[in-house]
Amino acid sequence: MADSGYSGTPQLKKLGITPGAAWDVDAAPEGWAFETQPDPGDRAPASGSADVIVAFVRTAAEVVPAIVRLEGRIFPAGALWMAWPRKAAGHVSDVDENAIRDAALARRLVDVKVAALDTDWSGLKLVWRREARGANGPAG
């Protein structure tokens, strides 16, 4: 699976989903699944806080609403992976890492990693800026 920039690093390790970490998936496409299923008992409740959320967007118009909807769930120290269709895999999309990064920075989030999540999806890992992790919490 090392074609088109997709590394052989185990997907759960790449995403930071470790045993005991509360995880969730948002708007996954039909048929998408983890390469190795994480412990379903660690899945965060739909509106609860999570250590890691993988959110799928297909168009640039979906980026800001997804970040706004999910940012509070990873506050203060979780991670939000924004996944979009990989152009290297032949997918057509108006989403790219710059659109996600710009939207995140406006919300006091910062990107810390970009990776191919699988052969069809790229991902940008977002976390709260250190100075935004204080008592004020996410901006409304």
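Below or above, wherever it landed, is the structure these notes cover. (Residues numbered from 1 in each chain as written. Predicted model: local features only at pLDDT ≥ 70, side-chain atom pairs only at ≥ 80, totals over all residues. Heavy atoms only, no water.)

Topic: the overall build of the protein chain
Line of reasoning, step 1. When helices and strands are tallied, the protein chain shows three helices and five strands.
Line of reasoning, step 2. Burial analysis of the protein chain (140 residues in total) assigns 45% to the buried set.
Line of reasoning, step 3. Within the protein chain, contacts between residues separated by at least 24 positions form 67% of all contacts whose residues are at least 6 apart in sequence.
Line of reasoning, step 4. Entry remark: accessible area of the protein chain is about 7000 Å², with carbon and sulfur atoms responsible for 53%. (Helix = DSSP H or I, 4+ residues; strand = E, 2+ residues; numbered from the N terminus. Buried < 20%, exposed > 50% of the residue type's maximum accessible area, 1.4 Å probe, protein only. Contact = heavy atoms within 4.5 Å. Areas by Shrake-Rupley, 256 points an atom, 1.4 Å probe, with all protein chains shown as cover.)

A few points about the pattern of salt bridges
Line of reasoning, step 1. Taken as a whole, this structure holds seven salt bridges when the rule is applied.
Line of reasoning, step 2. Residue aspartate 24 pairs with arginine 43 through a salt bridge whose shortest N-O separation is 2.9 Å. Placement of aspartate 24 in strand β1 (residues 23-26) and of arginine 43 in the loop between β1 and β2 (52-56) is noted, with a sequence separation of 19 residues between them.
Line of reasoning, step 3. Using a relative accessible area of 42% as the deciding quantity, one classes arginine 43 as partly exposed.
Line of reasoning, step 4. Salt-bridge contacts for aspartate 26 lead to arginine 69; the nearest nitrogen and oxygen are separated by 2.4 Å. With aspartate 26 in strand β1 and arginine 69 in helix α2 (residues 63-70), the pair connects residues that are 43 residues apart, well separated along the chain.
Line of reasoning, step 5. The class for aspartate 26 is buried, based on a relative accessible area of 16%. (Salt bridge = Lys/Arg side-chain N within 4 Å of Asp/Glu carboxyl O.)

Details of the pairing of strand β3 (residues 79-85)
Line of reasoning, step 1. Within β3, seven of the seven residues are buried, leaving the element largely enclosed by the surrounding structure.
Line of reasoning, step 2. The sheet contact formed by β2 and β3 spans five bridges and is parallel. Residue pairing for β3: isoleucine 53 is matched across the bridge by leucine 80.
Line of reasoning, step 3. Handedness of the β2-α2-β3 crossover: right-handed.
Line of reasoning, step 4. Summarising the sheet, β3 and strand β5 (residues 121-128) pair through six bridges and their orientation is antiparallel. When the sheet's bridge partners are listed, leucine 80 is paired in β5 with leucine 126. (Pairing = 2+ DSSP bridges. Right-handed = clockwise from strand over helix to strand, strands pointing away.)

Looking at the sheet that holds β5
Line of reasoning, step 1. As summarised here, the arrangement of the five strands in space is β1-β2-β3-β5-β4, forming an open sheet in which the pairing is mixed. Because the sheet does not close on itself, it has two edges, and the strands there are β1 and β4 (109-116). Geometrically, the sheet is characterised by an average inter-axis angle of 20° between neighbouring strands, direction not taken into account.
Line of reasoning, step 2. Alignment of β4 against β5, held across seven bridges, turns out to be antiparallel. Opposite valine 110, over in β5, you have valine 127 as the bridge partner.
Line of reasoning, step 3. Lying over the sheet, α2 contacts β1, β2, β3, β4 and β5, oriented at roughly 160° with respect to β3. (Axes fitted to C-alpha atoms, helices over the stretch in contact; angles between N-to-C directions.)

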